[in-house]
Amino acid sequence: GTTLPGRAALRLSPEILPFLAHQLTRGSLIVTGTNGKTTTSYLLSGILKQAGYKCVHNQSGSNMSWGVVSSLIGTSTWGARLPGDFGVMEVDEGAFPEVVQKVRPRGAVVTNIFRDQLDRYGEVDHIQKTIQRGLDALPPDGFQVLNADDPSLTSIRSGWPGKRYYYGLELALPPDRFQNTARDIKSCPLCHHKLHYEQVYFAHLGRYSCPSCDFRRPEPDVKLVGRTYTPDGGTLLELRLRGEPLQALYPLMGTYNLYNALAGITGAHALGIAPAAIGEALEKATPSFGRMERFLLDGRTLLMALIKNPVGANEVMRTLIERDTAIHMLIAINDRLADGTDVSWLWDADFEQLAGIREHLSTVVVSGIRGWDMAVRLKYAGIDPAQIKVEENMREAIRCAVDLTPPGEILFILPTYTAMLEMRGILNAMGVGKPYWEVS
């Protein structure tokens, strides 16, 4: 129901996207990038609703042009009227230029650029050029929101006359144990000299400069200057919005979710949303579709975290490892079109980090179309084959992994996109239909 209505509507009325989107009284904001689109657009939508606006959002995560159309149709009346103030549209990188040209949004938020679905996108430079075409197509009075810590984004230069906002971290974090893999940008995008990093946050994101030319990380307009873990497991964020301080309690885990928060905050700031509404919305944030969602089944907590490329997998593993408690895992890998048919990325993800915590790691259940490939990858990562159990049937894999998880503990489920959809359907049939969230 997230793609078929849009496909059918576009076949019958090719201009339905601009026809509906242009009815939004305050315009649209498009969110794109490799990782973090769904959570960032969810946060942005929540901020706008907290500020009192009616917001249209493709919350299912269907982010091709037909997915956007499906969301607009679902919100419209039978008379083809679209009541709403703002539209927040998560858009696939490949569809970004086309959707920008159709929608003519007020602005665009770009989260990052990493290798993703090599069968569709190719390498990072191809994704970068595609995103640049979309940014160049923005209306001249619009704005761009870019991650200052990503040199593949800040190196995008053009004659586009609109306003550009940057966001970034200003934290001192421990050395990145994952930095030797999945770092897609090692040299200056302009002169190709090796980049110098004052701080690496993860992959190629950090505070960087080129010793050979004037390319360096721009000063962020919105920055995270401090974080404090609260007794109940939340995180108190200390932010600066163009120098103006803002504190907010944020419940989502992981360094990558700090970037998602900054992207959403900066997009809202560019739209002129008051800091008070931004802070209140962040405190109410819950995980979006398959992104650290929690379910309760038979006395166990199931935490589902989508993985789809090396950087995303590394960041999910980092979040698990930081817990320093027993880790129970179910990994499900598919290679359908929506997942990316090339699963060689499994060898670029740093699963070796799991071998470093083998004393905390129980049996790892693997499933999915490429479950055996995942089992081989874990074996070469240093996991004892006796700890790896392959269960090809997805329902049986869930049952097995739950049974291997002691009551009261957490089962971490790491699926690719279509495996996530299949698992959610199975969980619904098992009576676990509505995800819940509690910080722990």
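Residues numbered from 1 in each chain as written. Predicted model: local features only at pLDDT ≥ 70, side-chain atom pairs only at ≥ 80, totals over all residues. Heavy atoms only, no water.

Asker: Can you walk me through the overall build of the chain in this structure?
Answerer: Secondary structure summary: the chain contains 15 helices and 17 strands in total. Whereas a compact globule of 440 residues would reach a radius of gyration of roughly 22 Å, the chain reaches 21 Å, a difference of no more than 12%. Counting only C-alpha atoms, the chain reaches 60 × 60 × 45 Å along its principal axes. When burial is assessed residue by residue, the chain has 60% of its 440 residues classed as buried. Contacts in the chain between residues far apart in sequence, at least 24 positions, make up 74% of those at least 6 positions apart. Accessible surface, the chain as shown: approximately 17400 Å² in total, 51% of it carbon and sulfur. Across the chain, the mean location of the 45 positive side-chain charges is 4 Å away from that of the 47 negative side-chain charges. (Helix = DSSP H or I, 4+ residues; strand = E, 2+ residues; numbered from the N terminus. Rg over C-alpha atoms; globule rule 2.2 N^0.38 Å. Buried < 20%, exposed > 50% of the residue type's maximum accessible area, 1.4 Å probe, protein only. Contact = heavy atoms within 4.5 Å. Areas by Shrake-Rupley, 256 points an atom, 1.4 Å probe, with all protein chains shown as cover. Lys, Arg positive; Asp, Glu negative; His and termini not counted. Charge placed at Lys NZ, Arg CZ, Asp CG, Glu CD.)

Asker: Hey, could you run me through the pattern of salt bridges in this one?
Answerer: Two side chains carrying opposite charge are able to pair once their charged atoms lie near each other. In this structure the tally under the stated criterion is 12 salt bridges. Notably, a salt bridge pairs Arg217 with Asp149, separated by 2.5 Å at the nearest N-O pair. Of this pair, Arg217 sits in the loop between strand 8 (205-209) and strand 9 (222-229) while Asp149 sits in the loop between strand 5 (143-147) and helix 8 (151-154), and the two are 68 residues apart along the sequence. Each member of the pair, Arg217 together with Asp149, is buried. (Salt bridge = Lys/Arg side-chain N within 4 Å of Asp/Glu carboxyl O.)

Asker: Looking at this structure, I do not really get the packing of aromatic side chains. What am I missing?
Answerer: For any pair of aromatic rings, the description rests on two quantities: the centre-to-centre distance and the angle between the ring planes. Within the structure shown, the criterion is met by seven aromatic pairs. Arranged with centres 6.3 Å apart and planes meeting at 35°, the rings of Phe114 and Phe202 form a pair that is tilted. Taken together, the residues Phe114 in the loop between strand 4 (107-110) and helix 6 (118-121) and Phe202 in strand 7 (residues 196-202) connect sequence positions 88 residues apart. As far as the burial class goes, Phe114 and Phe202 line up, both buried. Through a chain of ring-to-ring contacts, the aromatic side chains of Phe114, Phe202 and Tyr259 assemble into a single cluster. In this structure, Lys163 is placed above the aromatic ring of Tyr165, and the distance from its NZ or CZ to the ring centre is 5.4 Å. (Phe/Tyr/Trp six-rings, centres within 6.5 Å; stacked < 30°, edge-to-face > 60°. Lys NZ or Arg CZ within 6 Å of the ring centre and 35° of its normal.)

Asker: Help me understand the confidence of the model for the chain, please; the structure alone is not making it clear to me.
Answerer: As a note on interpretation, predicted positions should not be read in detail where pLDDT is low. Here the chain shows a mean pLDDT of 85. Residues at 70 or above account for 90%. In the predicted structure, residues 117-122 sits below a pLDDT of 50 and forms 20 contacts with residues beyond four places in sequence or in another chain. Contacts for the low-pLDDT stretch residues 435-440, under 50 throughout, to residues beyond four places or in other chains number 23 contacts. (pLDDT = per-residue confidence, 0-100.)

Asker: Honestly, the packing of helix 1 (residues 4-12) against helix 4 (residues 65-75) in this entry has me stumped. Any pointers?
Answerer: When two helices pack together, you describe them by how their axes are tilted relative to each other and by the distance separating the axes. Running from amino to carboxyl end, helix 1 crosses helix 4 at an angle of 95°, the nearest separation of the two axes being 7 Å. If you check the angle between helix 1 and helix 4, you find them roughly perpendicular. Listed contacts from helix 4 to Pro5, Gly6, Arg7, Ala9 and Leu10 of helix 1 are Ser65, Trp66, Val69, Ser70 and Ile73. By residue class, the composition of the contact of helix 1 with helix 4 is six nonpolar, three polar and one charged. (Axes fitted to C-alpha atoms, helices over the stretch in contact; angles between N-to-C directions. Parallel < 35°, antiparallel > 145°, perpendicular 65-115°, else oblique. Nonpolar A, V, L, I, M, F, W, Y, C, P; charged D, E, K, R; others polar.)

Asker: Would you explain helix 4 in this entry?
Answerer: Within an α-helix, residues lying three or four positions from one another point in the same direction, as the helix has 3.6 residues per turn. Turning to helix 4, its buried residues are Ser65, Gly67, Val68, Val69, Ser70, Ser71 and Leu72. Contacts made by the buried residues of helix 4 are with helix 1, helix 2 (16-21), strand 2 (55-57), strand 3 (86-90) and helix 5 (96-103).

Asker: Looking at this structure, I do not really get the nonpolar core. What am I missing?
Answerer: Side chains of a nonpolar character, in soluble globular proteins, are inclined to be buried together. Ranked by size, the top nonpolar core spans 82 residues in total, and within it Tyr250, Met329, Ile331, Phe351, Leu354 and Leu378 carry the most contacts. Counting residues per element, this core draws most heavily on helix 9 (residues 255-270), at nine residues. Apart from residues no more than four positions distant in its own chain, Phe351 is found in contact with Met317, Leu346, Met374, Arg377, Leu378 and Ala381. Judged by nonpolar contacts, the second largest core, of 42 residues, contains Ala148, Ile156, Tyr166 and Cys188. (Core = buried A, V, L, I, M, F, W, Y, C linked by side-chain atoms within 4.5 Å.)

Asker: Explanation requested: the side chain of Thr416 in the structure shown.
Answerer: Summarising the element assignment, Thr416 is placed in the loop between strand 17 (410-415) and helix 15 (417-429). According to the relative accessible area criterion, Thr416 is buried, its value standing at 2%. At a separation of 3.2 Å, a polar atom in the side chain of Thr416 contacts the side chain of Asp339. (Polar contact = N/O pair within 3.5 Å; in protein donor to acceptor, adjacent residues only side chain to side chain.)

Asker: When you look at the sheet that holds strand 2 in this model, what are you seeing that I'm missing?
Answerer: Adjacent strands of a sheet pair through backbone hydrogen bonds, lying either parallel or antiparallel. Strand order in the open sheet made by the nine strands is 2-3-1-4-5-6-9-10-11, with mixed pairing throughout. Pairing within the sheet leaves two strands with one partner each, and these edge strands are strand 2 and strand 11 (244-250). Each strand axis lies, on average, 20° off the axis of its neighbour in the sheet, ignoring direction. Lying on the sheet, helix 9 is in contact with strand 1 (28-32), strand 4, strand 5, strand 6 (163-169), strand 9, strand 10 (235-241) and strand 11; it crosses strand 6 at an angle near 150°. (Pairing = 2+ DSSP bridges.)

Asker: Mind showing me how you'd approach unusual backbone geometry here?
Answerer: Apart from glycine, the bulk of residues carry a negative phi angle, and the bulk of peptide bonds sit in the trans form. Despite not being glycine, Ala80 has its phi angle at roughly 65°, a positive value. Phi angles above zero are rare outside glycine, and His192 is one such case at about 70°. Locating His192 in the fold gives a position in the loop between strand 6 and strand 7.

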